[in-house]
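If you want the building blocks of each chain, they are given just below.
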Amino acid sequence: MKARVIAYYLPQFHPIPENDRAWGPGFTEWTNVAKAKPLFRGHYQPRIPSELGFYDLRLPEVREQQAQMAREAGVEGFCYYHYWMGGGRMLLQRPFEEVLASGQPDFPFCLCWANHEWTTKTWTNSGKSQLIAPMLYPGDDDYIAHFNYVLPAFRDKRYITVDGHPLFGIFDPYRFQDVAHFIELWQTLAAKAGIPSIHFNAYTNSTPTLKRQPDGSLKRIMPNLESSADAYNSLFEIGFSSVASFGRARAEMLAVGKYRRLVKRFLHSHLSKLPALRYDYPKVMPNYFAPEDTWENVFPIVVPQWDRSPRNGTGEGIYVNATPENFAKHLRQAVGLVAEKQPEHRIIFLKSWNEWGEGNYVEPDLKYGRGFLNAIKDNVF
């Protein structure tokens, strides 16, 4: 294998009480995916799944089919988004808990803690936001309970490791002010449990607009398009073993101009009647990767497609010409970046396996079939 492709996996495709209360009985990601409409001529919406259909992740047969597809395409494993909201409250935990308890599918996995609050703005662009579930950090008792919940997964033979250490992602390392203490505590707990030290991975934009201060507070900064070294090093200094580098903002700013992109996003976030913001995938993506993505402890994220209009309308930016052929070029560039790293560190995160509401997925659809899966297979094996 030329690279270790690990796919972020959204466990949202089943009803839960919190979504039922906010949106009505039976709401899942499919609700908005199915009702999406084209916003301009040639806009690919709605996106309709083909082989797997509008699946329900409570079904083990679906999870087995997904694993088989991923295995055949050269994906090493799934990185399940893990919603521990604090105080022992969890969301969307059923699919992964069943995978863990049943031993099926027999397919590698790891966890990425999706440590962000849940609000209705995730699935609407109305401008009004209702809190569905807050993100809380109550302190050590909760951190210990969280570790004990995850410990059986760390001990599972399927759990993905880096140099023998279980890989655990943290989606938002910036707003979690106590993250350095959290990492230190979990490393202590892991040692007591006989687990090799945890490989903590920080998900970050390669051009962040936030910077952590020594006391854990944040300050706004202008994105640096020349280098991501400061952003990455600031995370290594507080205990992270690696970063997952997301370059979409960098790519867009280099393609259209930093300030023009910032102004356009501001206007679209406040004026929903503006025409859809569009980016041409093959023109944007050559600017995507940062120079430091070649570092041994930096794992680049690749993006097959991007279109969040089913969730939030016109404001995020819709990628046109995001075809399997153009994704293959993007993927080959990523494979080249990791080629000289140690084999264990040739990790490329795929964003994502099944984020249908964001238009970043590789599962088969009616238009491209297995095109995106074949792009992985052809360039990773």
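Coordinates for the structure precede this section.
Residues numbered from 1 in each chain as written. Predicted model: local features only at pLDDT ≥ 70, side-chain atom pairs only at ≥ 80, totals over all residues. Heavy atoms only, no water.

Caption draft 1: View of the packing of helix H8 (residues 248-256) against helix H9 (residues 258-270). Their axes nearest at 6 Å, the elements H8 and H9 cross at an angle of 115°. Here H8 lies roughly perpendicular to H9, going by the angle between them. For H8 against H9, the interelement crossing comes out right-handed. Along the contact surface, H8 presents Arg248, Ala249, Glu252, Met253 and Val256, while H9 presents Lys258, Arg260, Arg261 and Arg265. In the contact of H8 with H9, the residues fall into 3 nonpolar, no polar and 6 charged. (Axes fitted to C-alpha atoms, helices over the stretch in contact; angles between N-to-C directions. Helix = DSSP H or I, 4+ residues; strand = E, 2+ residues; numbered from the N terminus. Parallel < 35°, antiparallel > 145°, perpendicular 65-115°, else oblique. Left-handed = near helix turned anticlockwise from the far one by under 90°. Contact = heavy atoms within 4.5 Å. Nonpolar A, V, L, I, M, F, W, Y, C, P; charged D, E, K, R; others polar.)

Caption draft 2: View of a nonpolar patch on the surface. Together, Val263, Phe266, Leu267 and Leu271 give the surface a local cluster of nonpolar side chains, amounting to about 370 Å² of exposed area. Within the element layout of this structure, Phe266 appears in helix H9. The class of Phe266 is exposed, set by a relative accessible area of 53%. (Patch = residues over 30% accessible without salt bridge, like charges linked within 9 Å, V, L, I, M, F, W, Y side chains within 5 Å. Areas by Shrake-Rupley, 256 points an atom, 1.4 Å probe, with all protein chains shown as cover. Salt bridge = Lys/Arg side-chain N within 4 Å of Asp/Glu carboxyl O. Buried < 20%, exposed > 50% of the residue type's maximum accessible area, 1.4 Å probe, protein only.)

Caption draft 3: Quick look at the pattern of salt bridges. Within this structure, the stated rule accounts for 21 salt bridges. The salt bridge involving Asp280 is made with Lys283; its shortest N-O contact spans 4.0 Å. Judged by relative accessible area, which is 21%, Asp280 ranks as partly exposed. By relative accessible area, which is 62% here, Lys283 ends up exposed. Through salt bridges that share partners, Glu29, Arg248, Glu252, Arg261, Arg308, Arg311, Glu316, Glu355 and Glu358 make up one connected network.

Caption draft 4: View of H8. What H8 keeps buried is the set Arg248, Ala249, Arg250, Ala251, Glu252 and Met253. Here the buried face of H8 lies against strand E12 (242-246), H9, strand E13 (278-280), helix H10 (281-284) and strand E15 (318-320).

Caption draft 5: Highlighting the environment of Phe54. Structurally, Phe54 is set in the loop between helix H2 (29-35) and helix H3 (60-73). You can call Phe54 partly exposed: its relative accessible area is 44%. Along the backbone, Phe54 and Phe13 are 41 residues apart, and their C-alpha atoms lie at a distance of 8.6 Å. Ignoring any residue separated from it by four or fewer positions in sequence, one finds Phe54 in contact with Trp30, Ala34, Ile48 and Pro49.

Caption draft 6: Layout of the environment of Val362. Mapped onto the secondary structure, Val362 falls in the loop between strand E18 (360-361) and helix H13 (371-380). Taking the C-alpha atoms as reference, Val362 lies 23 Å from Asp293; in sequence the two are 69 residues apart. Excluding its chain neighbours within four sequence positions, the residues that come into contact with Val362 are Pro304, Leu350, Ser352, Trp353, Phe372, Leu373 and Ile376.

Caption draft 7: Fine view of the side chain of Gln66. Mapped onto the fold, Gln66 is located in helix H3. The residues contacting Gln66, other than those within four sequence positions of it, are Tyr9, Leu52, Tyr55, Leu57, Phe78, Trp353, Asn354 and Glu363.

Caption draft 8: Layout of the packing of aromatic side chains. Summed over the entire model, instances satisfying the criterion amount to 51 aromatic pairs. On the numbers, 4.6 Å between centres and 45° between planes, the contact of Phe13 with Trp30 is tilted. Of this pair, Phe13 sits in the loop between strand E1 (4-9) and helix H1 (17-23) while Trp30 sits in helix H2, and the two are 17 residues apart along the sequence. Looking at Phe13, the relative accessible area reads 1%, which means it is buried. Trp30 gets classed as buried once you look at its relative accessible area, which sits at 7%. Summarising the aromatic geometry, the rings of Phe154 and Trp186 are spaced 6.3 Å apart at their centres and angled 85° between planes, so their arrangement reads as edge-to-face. Of this pair, Phe154 sits in helix H5 (residues 140-154) while Trp186 sits in helix H6 (residues 179-192), and the two are 32 residues apart along the sequence. When its relative accessible area of 7% is taken as the criterion, Phe154 is described as buried. The side chain of Arg278 reaches across the aromatic face of Phe40, ending 4.0 Å from its centre. (Phe/Tyr/Trp six-rings, centres within 6.5 Å; stacked < 30°, edge-to-face > 60°. Lys NZ or Arg CZ within 6 Å of the ring centre and 35° of its normal.)

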